[in-house]
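Summary of the model geometry
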Amino acid sequence: MSRAVDLAIVGAGPAGLFAAYYAGFRGLSTAVIDALPEPGGQVTALYPEKMIFDVAGFPAVRGRDLVANLVEQAAQFNPQYLLGVRAEALTYADERPVLTLSDGETLHCGAVLITGGLGSFTARPLPAAAGFTGEGLVFFVPHLADLAGHDVVIVGGGDSAFDWALALQPIARSVTLVHRRDRFRAHASTVARVQALPIDLVVNAEVTKLHGDRRVAGVDVAVRGCEPRTLPADTVVAALGFTADLGPLANWGLELDKRHIRVDSTTATNLPRVFAAGDISEYSGKVRLIAVGFGEAATAVNNAAIAIDPAAHLFPGHSSDSG
């Protein structure tokens, strides 16, 4: 199957969803491609329940609510969503990009905007869980309510581990955080908030075994210089981070800086009619925030509009004038 679209957006995270809105505002037809089965990218996959405090106009917004609002904002322009598929290959026909997707479909595009965030990401495994096939071991918590009344053991010492601890403490029966060191990578203010709550911090320690067959029924913890402990656990949250790579994008001929894509001030890559915005892009002075990604998405779409139609204007006008 083959179809044509003005702008193909590779990545359905916040930057990609805002780009879908902005492309519609510019009168461009849009397809949004993502390997995940639903929009939202890392926000949906990793921290849908987490509160986000640095999005302009929102004193605080839950991850899943931010995604829902972005989808609703873009919906007025009817973008096509191609989810659960990957953009495998990039070629050109008549100087215009052609994307081949993992399901065999081809997209003939006026331009391509890559907003792939971290790229493909995989949770780091919990060594003690090797061979464990039961339920109760998770790497993130899509729905906090699912863990209400649980004894929860969180493994890790970074921001995600402490954020889950804060979010789960009010609803879980107990929350224990196990970290292999006595120093943490999380923000100091977040650590202080956790330390002020009835959350057990077990440091210089590692989970060595998960009990249970069909479901987690407790964990063994080795504590340096102390006797081993067995902790009650209905759920273990392995917040050990993720490994990421560019996947097929690495073979497109893009100029790369490690696992990021080099762009200029217009967000253009080294490939004709291919732009990149959000966490996946790289330039001098880059700051990786959702708020920055929104601005880059608007810059990318407006420059892509000129690439598609040289007679178009770079400045789109103010949205408030279109009411």
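Residues numbered from 1 in each chain as written. Predicted model: local features only at pLDDT ≥ 70, side-chain atom pairs only at ≥ 80, totals over all residues. Heavy atoms only, no water.

As annotated in an unreviewed UniProt entry, the chain carries the name Ferredoxin--NADP reductase and comes from Dactylosporangium matsuzakiense. The record in UniProt for the chain states the following under Sequence similarities (unreviewed entry): "Belongs to the ferredoxin--NADP reductase type 2 family." In its Subunit (unreviewed entry) section, the UniProt record describing the chain reads: "Homodimer." (UniProt positions renumbered as here; feature names shortened; annotations may be inferred.)

Aromatic ring pairs are described here by two measures, namely the spacing of the ring centres and the angle between the planes. For the structure on display, the rule yields eight aromatic pairs. Through a chain of ring-to-ring contacts, three or more aromatic side chains come together here, namely Phe18, Tyr21, Tyr22, Phe25, Phe77 and Phe294. (Phe/Tyr/Trp six-rings, centres within 6.5 Å; stacked < 30°, edge-to-face > 60°.)

The residues that UniProt annotates with the feature "binding site: FAD" (unreviewed entry) are Asp34, Gln42, Tyr47, Ala87, Phe121, Asp279 and Ser320. As for its placement among the helices and strands, Gln42 is situated in helix H2 (residues 41-46). By relative accessible area, Gln42 is classed as buried at 18%. Along the chain, Ser320 turns up in the segment after helix H6 (290-308). Residue classification places Ser320 among the exposed positions, given a relative accessible area of 63%. (Helix = DSSP H or I, 4+ residues; strand = E, 2+ residues; numbered from the N terminus. Buried < 20%, exposed > 50% of the residue type's maximum accessible area, 1.4 Å probe, protein only.)

This next bit is on the pattern of salt bridges. The final tally for this structure, using the stated rule, is nine salt bridges. Ionic pairing is found between Arg173 and Asp151, a salt bridge with its closest N-O pair at 3.1 Å. Of this pair, Arg173 sits in the loop between helix H4 (159-168) and strand E12 (174-178) while Asp151 sits in strand E11 (residues 151-155); the two residues are 22 residues apart in sequence, bridging distant segments of the chain. Taking the relative accessible area as the measure of exposure, Arg173 reaches 57% and is therefore exposed. Given the relative accessible area of 11%, Asp151 is considered buried. Overlapping salt bridges, with partners in common, bring together Asp151, Arg173 and Asp234 in one network. (Salt bridge = Lys/Arg side-chain N within 4 Å of Asp/Glu carboxyl O.)

Spatial strand order, E10-E17-E11-E12-E13: five strands in an open sheet with parallel pairing. Two strands close off the open sheet at either side, each with one partner strand: strand E10 (137-138) and strand E13 (200-202). (Pairing = 2+ DSSP bridges.)

Moving on: the sheet that holds strand E15 (residues 218-223). As summarised here, the arrangement of the three strands in space is E14-E15-E16, forming an open sheet in which the pairing is antiparallel. Edge positions in the sheet fall to strand E14 (205-211) and strand E16 (229-231), since each has one partner strand and no second. The sheet shows a mean angle of 30 degrees between the axes of neighbouring strands, direction not considered. As paired strands, E14 and E15 are joined by six bridges and run antiparallel to one another. (Axes fitted to C-alpha atoms, helices over the stretch in contact; angles between N-to-C directions.)

Among the nine residues that make up strand E8 (residues 106-114), eight are buried, leaving the element largely enclosed by the rest of the structure. With eight bridges connecting them, strand E1 (residues 2-10) and E8 associate as parallel partners. In the strand pairing of E8, Leu7 is matched with Ala111. Both strand E7 (residues 96-101) and E8 contribute to a ladder of three bridges, which runs antiparallel. Among the inter-strand pairings, Thr100 is bridged to a residue of E8, identified as Thr106. Relative to strand E21 (residues 274-276), E8 runs parallel, the two being bridged by three bridges. The residue bridging Leu113 from the neighbouring strand is Phe275, located in E21.

Interaxial distance between helix H1 (residues 14-25) and helix H3 (residues 63-75) falls to 8 Å at its minimum, and their mutual angle equals 20 degrees. Between H1 and H3, the angle falls in the class roughly parallel. For the pair H1 and H3, the crossing hand works out as left-handed. Of the residues in H3, those touching H1 at Pro14, Leu17, Phe18, Ala20 and Tyr21 are Val67, Leu70, Val71, Gln73 and Ala74. Of the residues contributing to the contact of H1 with H3, the split by class is nine nonpolar, one polar and no charged. (Parallel < 35°, antiparallel > 145°, perpendicular 65-115°, else oblique. Left-handed = near helix turned anticlockwise from the far one by under 90°. Contact = heavy atoms within 4.5 Å. Nonpolar A, V, L, I, M, F, W, Y, C, P; charged D, E, K, R; others polar.)

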